[in-house]
Amino acid sequence: MTFYFSDTVVLLFDFWNVHSPTGMVLSVLVILLLSVLYEAVKMGKAVLLRRALLALPRSLSQEALTDSPSPSLMAFPISFPRWFWFHVGQTLFHVVQVVLGYMVMLAVMSYNAWIFLGAIVGSTLGYFMVYPLLGRG
């Protein structure tokens, strides 16, 4: 298969069927925004990782990993240490990142050159706009 320039393509789902230049411009814009969002989520995950590492105790003994004395089995809600919630957040960011990445990849696999260029430009813009914020996080 080779890349082709055309204003007709079916992207990701049967209902995303593009038949006009206007539809192609809108589709490229959506893929571009998905690529920018992918980069933003990737940066958000890195910020959460840094915060999670800062939340880890200096000592990794069992007592230091639990913020409170061991709760009874009947206690509710269960008190989790702060680093655990950062890990949950990172996991959610990871799921969103994987979904966005696969969606952009599958759109590019339509072999439409306009869609490919939208993904590349979106990834470039996302990296350019978002990664300077990483130092501030």
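Residues numbered from 1 in each chain as written. Predicted model: local features only at pLDDT ≥ 70, side-chain atom pairs only at ≥ 80, totals over all residues. Heavy atoms only, no water.

## Thoughts on the overall build of the chain
- Looking only at helices and strands, one finds four helices and two strands in the chain.
- Helices and strands appear in the chain in the N-to-C order β-β-α-α-α-α.
- Put simply, the chain has 137 residues, and 29% of those count as buried.
- A sequence separation of at least 24 residues applies to 75% of the contacts in the chain between residues at least 6 apart.
- Carbon and sulfur atoms make up 72% of the accessible area of the chain, which totals about 9,400 Å². (Helix = DSSP H or I, 4+ residues; strand = E, 2+ residues; numbered from the N terminus. Buried < 20%, exposed > 50% of the residue type's maximum accessible area, 1.4 Å probe, protein only. Contact = heavy atoms within 4.5 Å. Areas by Shrake-Rupley, 256 points an atom, 1.4 Å probe, with all protein chains shown as cover.)

## Some points on the confidence of the model for the chain
- A residue-level look at the chain finds 83% of positions with pLDDT of 70 or above and a mean pLDDT of 85.
- Predicted confidence in the chain is weakest over helix H2 (residues 62-65), with a mean pLDDT of 53, and strongest over helix H4 (residues 113-130), with 96. (pLDDT = per-residue confidence, 0-100.)

## What about the UniProt feature "transmembrane region" (unreviewed entry) in the chain?
- Cross-referencing UniProt, the feature "transmembrane region" (unreviewed entry) maps to residues 20-41, 83-105 and 111-134 in the present numbering.
- Counting secondary structure, residues 20-41 comes out at 95% helix and 0% strand; the distance between its end C-alpha atoms is 31 Å.
- Regarding residues 111-134, the helix share stands at 75% and the strand share at 0%, and the terminal C-alpha atoms are separated by 33 Å. (UniProt positions renumbered as here; feature names shortened; annotations may be inferred.)

## Description of the packing of aromatic side chains
- Applying the stated criterion across every chain, the model contains six aromatic pairs.
- Each ring, one from Phe5 and one from Trp114, has its centre 4.7 Å from the other, and the planes form 70°; the classification is edge-to-face. Here the residue Phe5 occupies a position in the segment before strand S1 (9-10), and Trp114 occupies one in helix H4, the gap between them amounting to 109 residues.
- The class of Phe5 is exposed, set by a relative accessible area of 57%.
- Residue Trp114 is classed as partly exposed on the basis of its relative accessible area, which comes to 41%.
- Connected via pairs of aromatic rings, a cluster forms that spans Phe3, Tyr111 and Phe116. (Phe/Tyr/Trp six-rings, centres within 6.5 Å; stacked < 30°, edge-to-face > 60°.)

## Let's talk about the packing of helix H1 (residues 21-55) against H4
- Orientation of H1 relative to H4, taken along the N-to-C sense of each, is 35°, at an axis distance of 7 Å. The chirality of how H1 crosses H4 is right-handed. For the pair H1 and H4, contact is made by Met24, Ser27, Val28, Ile31, Leu32, Ser35, Val36, Glu39, Ala40 and Met43 and by Trp114, Ile115, Gly118, Ala119, Val121, Gly122, Ser123, Leu125, Gly126, Tyr127, Met129 and Val130, respectively.
- Residues that form the contact of H1 with H4 fall into these classes: 15 nonpolar, six polar and one charged. (Axes fitted to C-alpha atoms, helices over the stretch in contact; angles between N-to-C directions. Left-handed = near helix turned anticlockwise from the far one by under 90°. Nonpolar A, V, L, I, M, F, W, Y, C, P; charged D, E, K, R; others polar.)

## Topic: a nonpolar patch on the surface
- Residues Val98, Tyr102, Met105, Leu106 and Met109 make up a contiguous nonpolar surface patch of roughly 460 Å² in combined accessible area.
- Along the chain, the position of Tyr102 falls in helix H3 (residues 82-108). (Patch = residues over 30% accessible without salt bridge, like charges linked within 9 Å, V, L, I, M, F, W, Y side chains within 5 Å. Salt bridge = Lys/Arg side-chain N within 4 Å of Asp/Glu carboxyl O.)

## Quick notes on the nonpolar core
- Core analysis: the largest hydrophobic core is formed by 15 residues, its most contacted members being Leu11, Met24, Ile31 and Ile115.
- The element best represented in this core is H1, accounting for five residues.
- Apart from residues lying up to four places away in sequence, Ile115 is in contact with Leu11, Met24, Ser27, Val28, Ile31, Ala107, Val108 and Ser110. (Core = buried A, V, L, I, M, F, W, Y, C linked by side-chain atoms within 4.5 Å.)

## A short note on the environment of Ser110
- Inspection of the secondary structure assignment puts Ser110 in the loop between H3 and H4.
- When the C-alpha positions of Ser110 and Phe3 are compared, they lie 8.5 Å apart, and in sequence the two are 107 residues distant.
- Excluding residues within four positions of it along the chain, Ser110 makes contact with Tyr4, Val9, Val10, Leu11 and Ile115.

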